[in-house]
Amino acid sequence: MFRRTVDGETLDFGTTGALRDSNLLMYDRQTESWWQEFGGEGVIGHYAGRKLEQLYLSIASWGDFKAMFPDGKVLSRPASGRSYGSNPYSGYDRPGSSPFLFDGPEDPRLPAVERIVALERGSDAWAVSFTTLAEERVVSASVGGEDIVVFWTPGTASALDRGSIKSGRDVGTAGIFSPVGPDGSMLTFAADAAGIITDEQTGSAWNIFGHATSGPLEGTQLTPAPGRIGQLWFSWAVYRPDTVVYQGKG
């Protein structure tokens, strides 16, 4: 997700229908520049070489969203006739499958369709797989001099597994945050045997949105850190082959 304002001009985007390394190319209607979805970079036209500002985005389950944001708004078109719960690419992310419409080299460090959390900070790139996150629940790192913490929780269905999204296998979801508490002090996080994430300094519990749900810090919010959450490994590694992959505590 990106901010669509460049040099004070608000851009309207559409899809070109073209792919580059199986990654979508968008265009803006104001200048007809083409933009790569990966990185939000202009690749053709007036804005070639420019980058959109990346904003925070996480794919969470509807249940988690409703619980956290009971008054949240849903973007939809009334009576559009769209079947929002259907997936036309059934089996796309099945373990061991090859990416559809991608014929570039695959980085063997992770399975091609493994979901990852990935960040770019300056010239540095870092990633952790959802498989590792499912085992550890909490992963801390420093990327380009910036400290971050990644939370993971189960309960989110894959949108690419089956024809009916609600029937897709549970792949979970993640969140990326700054580990700085409301008073400016650094917090250290861990998950217990039940998967509940707490900080070691106050014992407060935190949810996947970086919101403290109980304890001394209840009601406070960690600052989200922009990155890619749920990106498939092949579509990240083809652009950032220099990525450092977190291998787990073991």
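Each remark here, short or long, concerns the structure printed above.
Values in this document were obtained by computation on a predicted structure and should not be read as measured data.

(A) Representation of the sheet that holds strand β6 (residues 41-44) in the model. Taken together, the four strands give an open sheet; going across it, the order is β3-β4-β5-β6, and neighbouring strands pair in antiparallel fashion. The open sheet has two edge strands, β3 (13-20) and β6, and neither has a second partner. Geometrically, the sheet is characterised by an average inter-axis angle of 40 degrees between neighbouring strands, direction not taken into account. Pairing of strand β5 (residues 34-36) with β6, which is carried by three bridges, proceeds in the antiparallel orientation. The partner of Q36 across the bridge, within β6, is E41.

(B) Region of the structure containing the side chain of S178. Here S178 lies in the loop between β11 (173-177) and β12 (189-191). If we ignore the near neighbours within four places in the chain, the residues touching S178 are D147, L222, T223 and A225.

(C) Spotlight on the environment of F151. You can see F151 is positioned in strand β10 (residues 146-153). What makes F151 buried here is its relative accessible area of 0%. With 89 residues separating them along the chain, F151 and W62 place their C-alpha atoms 18 Å apart.

(D) The arrangement of the side chain of Q36 in detail. In this fold, Q36 is placed in strand β5. Exposure remark for Q36: the relative accessible area of 3% places this residue in the buried category. Within the structure, Q36 has its side chain in polar contact with the side chain of R20 (distance 2.9 Å). In contact with Q36, not counting residues within four places along its chain, are R20, N23, L24, L25, E41, V43 and Y239.

(E) Molecular detail of the sheet that holds strand β17 (residues 244-245). Here four strands make up an open sheet; going across it, the order is β16-β7-β8-β17 and the pairing mixed. Two strands in the sheet have a free side with no partner beyond their single neighbour: β16 (228-232) and β17. Of the pairings in the sheet, the one linking strand β8 (residues 124-129) to β17 comprises two bridges and is parallel in character. Bridged to W126 within β17 is V244.

(F) Quick look at the pattern of salt bridges. Under the counting rule described, the total for this entry stands at 13 salt bridges. Measuring nitrogen to oxygen at the nearest pair gives 3.2 Å for the salt bridge that ties D161 to R169. Residues R240 and D242 are paired through a salt bridge, measuring 2.8 Å at the closest nitrogen-oxygen approach. Among the residues examined, D242 registers a relative accessible area of 44% and is labelled partly exposed. Several salt bridges converge on common partners, so that one network encompasses D93, R94, R115, D161, R162 and R169.

(G) Highlighting the layout of surface pockets. When its volume is computed, the second largest pocket comes out at roughly 210 Å³. Lining the second largest pocket are 14 residues, and of these E114, R115, T131, R169 and V171 sit closest to its centre. Here the lining of the second largest pocket takes three residues from helix α2 (residues 130-136), the largest share from any one element. Broken down by class, the residue content of the lining of the second largest pocket amounts to seven nonpolar, two polar and five charged.

(H) A look at the nonpolar core. The biggest cluster of nonpolar side chains holds 17 residues, and the ones touching the most others in it are V117, W126, L133, I148, V150, A174 and I176. Elements that contribute at least two residues to this core include exactly β7 (115-121), β8, α2, β9 (138-143), β10 and β11. In contact with I148, other than residues within four places in its own chain, are L119, W126, V139, S140, A141, V143, I176, F177, P179 and A225. Residues L187, W206, I208 and A212 belong to the second largest nonpolar core, which totals 13 residues.

(I) Inspection of the pairing of β16 at higher detail. Of all five residues in β16, four are buried; the element is thus mostly enclosed. Sheet topology note: the β7/β16 ladder contains four bridges and is antiparallel. Its bridge partner lying in β16, R115 is registered against L232.

(J) Expanded view of the packing of aromatic side chains. Under the definition given, this model contains 14 aromatic pairs. Seen from their ring centres, F151 and F177 are 5.3 Å apart, and the 45 degrees between their planes marks the pair as tilted. Within this pair, whereas F151 is found in strand β10, its partner F177 is found in strand β11, the two being separated by 26 residues in sequence. The residues F151 and F177 share a single accessibility class, namely buried. Ring centres of F189 and W206 lie 5.8 Å apart, and the angle between their planes is 85 degrees; on these two criteria the pair is classed as edge-to-face. Of this pair, F189 sits in strand β12 while W206 is found in strand β14 (residues 205-206), placing the two residues 17 residues apart along the sequence. For F189, a relative accessible area of 7% puts it in the buried group. What makes W206 buried here is its relative accessible area of 5%. Cluster of aromatic residues (ring-pair linked, three or more members): Y56, F151, F177, F189 and W206.

Calculation rules
- Residues numbered from 1 in each chain as written.
- Predicted model: local features only at pLDDT ≥ 70, side-chain atom pairs only at ≥ 80, totals over all residues.
- Heavy atoms only, no water.
- Pairing = 2+ DSSP bridges.
- Helix = DSSP H or I, 4+ residues; strand = E, 2+ residues; numbered from the N terminus.
- Axes fitted to C-alpha atoms, helices over the stretch in contact; angles between N-to-C directions.
- Contact = heavy atoms within 4.5 Å.
- Buried < 20%, exposed > 50% of the residue type's maximum accessible area, 1.4 Å probe, protein only.
- Polar contact = N/O pair within 3.5 Å; in protein donor to acceptor, adjacent residues only side chain to side chain.
- Salt bridge = Lys/Arg side-chain N within 4 Å of Asp/Glu carboxyl O.
- 1 Å grid on protein atoms, 1.4 Å probe; cavity = no way out; pocket = protein on both sides within 12 Å on 5 of 7 lines; lining within 4 Å.
- Points joined across faces, edges and corners; volume = space filled by probe spheres on them.
- Nonpolar A, V, L, I, M, F, W, Y, C, P; charged D, E, K, R; others polar.
- Core = buried A, V, L, I, M, F, W, Y, C linked by side-chain atoms within 4.5 Å.
- Phe/Tyr/Trp six-rings, centres within 6.5 Å; stacked < 30°, edge-to-face > 60°.

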